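Structural description and commentary
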Amino acid sequence: IAQDVDAAALFGVIERVEDHERAEAAWSELLSIDATDTEAREQLMDLYRLRGDFEALNSALLRQISLTRDPGRAEALCRRAAQNLDENFDDSERSIEAWRRVLDYAPDDGDSLRALTEHYARSGDRRHQIAVLERRILRETEEGKVDLGLQVAGLWAETGEHRAAAAAFERILHWNRG
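Just so it is clear, the model here is predicted, and its values are computed rather than measured. (Residues numbered from 1 in each chain as written. Predicted model: local features only at pLDDT ≥ 70, side-chain atom pairs only at ≥ 80, totals over all residues. Heavy atoms only, no water.)

A few words on the nonpolar core. Core analysis: the biggest nonpolar cluster contains 28 residues, and L44, M45, Y48, L61, W99 and L116 have the highest contact counts within it. Among the elements of the structure, α2 (20-33), α3 (38-51), α4 (54-67), α5 (71-88), α6 (92-105) and α7 (110-123) are those that each provide at least two residues to this core. Those residues within four positions of W99 in sequence are excluded, and the remaining contacts are R79, A82, Q83, D86, D111, S112, A115, L116 and H119. Membership of the second largest hydrophobic core comes to 13 residues, among which are A153, A165, A168 and I172. (Core = buried A, V, L, I, M, F, W, Y, C linked by side-chain atoms within 4.5 Å. Buried < 20%, exposed > 50% of the residue type's maximum accessible area, 1.4 Å probe, protein only. Helix = DSSP H or I, 4+ residues; strand = E, 2+ residues; numbered from the N terminus. Contact = heavy atoms within 4.5 Å.)

Structure follows, in structure tokens:
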């Protein structure tokens, strides 16, 4: 117990003087003793964010995801990792992988599906972009379905799949009549 009090006091002093390297070393030392210490991992992630070391933050988030047994926490960590990649890197491939991990925990998550749509568009992967738009259509209101359906039809036409484009337009007409 005395060690816990001394460690907490030491960490507080180190963080107050903004000696991030010493704080990181202290939290890392604590993790070497207890690799499952969630508080130490959270503190390290905060330090990485403060320092602007977003690659280390991403690595820490991925480690935390692999250690957690709580699906809700895993989803939240996956979301943080995806947002970190979106905000701090220009790497659609890694962002796609991160947002797909969120969908492993929340298959109909609108934010993830929207982000994937954008990343597939940026990467030029029209087939996957269409597949994600189709998933989004399933959860949309009638008005939203039409807008997304028009995007799908346009993408099919862009890829030279004119029959698929025509089918997408017919589906939109059906929604408008319904």
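Before going further, it helps to examine the pattern of salt bridges. One pass over the structure, following the stated rule, counts 13 salt bridges. Residue R51 is joined to D53 by a salt bridge in which the shortest nitrogen-to-oxygen separation is 3.3 Å. By relative accessible area, which is 33% here, R51 ends up partly exposed. Owing to a relative accessible area of 27%, D53 belongs among the partly exposed residues under this scheme. One salt bridge connects E142 with K145, and the closest N-O pair in it is separated by 3.8 Å. (Salt bridge = Lys/Arg side-chain N within 4 Å of Asp/Glu carboxyl O.)

Running from N to C, helix α8 (residues 126-138) and helix α9 (residues 142-158) point in directions that differ by 160°, and their axes come no closer than 10 Å. Judged on the interaxial angle alone, α9 and α8 are roughly antiparallel. Between α8 and α9 the crossing geometry is left-handed. Counted together, R126, R127, Q129, I130, L133, E134, R136 and I137 of α8 and K145, L148, G149, Q151, V152, L155, W156 and E158 of α9 form the full contact between these two elements. Residues of the contact of α8 with α9, tallied by class, amount to seven nonpolar, three polar and six charged. (Axes fitted to C-alpha atoms, helices over the stretch in contact; angles between N-to-C directions. Parallel < 35°, antiparallel > 145°, perpendicular 65-115°, else oblique. Left-handed = near helix turned anticlockwise from the far one by under 90°. Nonpolar A, V, L, I, M, F, W, Y, C, P; charged D, E, K, R; others polar.)

Next up on the list: α7. Relative to the 20 Å expected for 14 residues at 1.5 Å per residue, α7 spans 20 Å between its end C-alpha atoms, a close match to the ideal helical length. Listing the buried residues of α7 in full gives G110, S112, L113, A115, L116, T117, H119 and Y120. Buried-residue contacts for α7 involve α5, α6 and α8. In the segment just after α7, G124 is the residue with positive phi, at about 80°. (Expected span 1.5 Å × (residues − 1).)

Read these as geometric descriptors, not functional statements.
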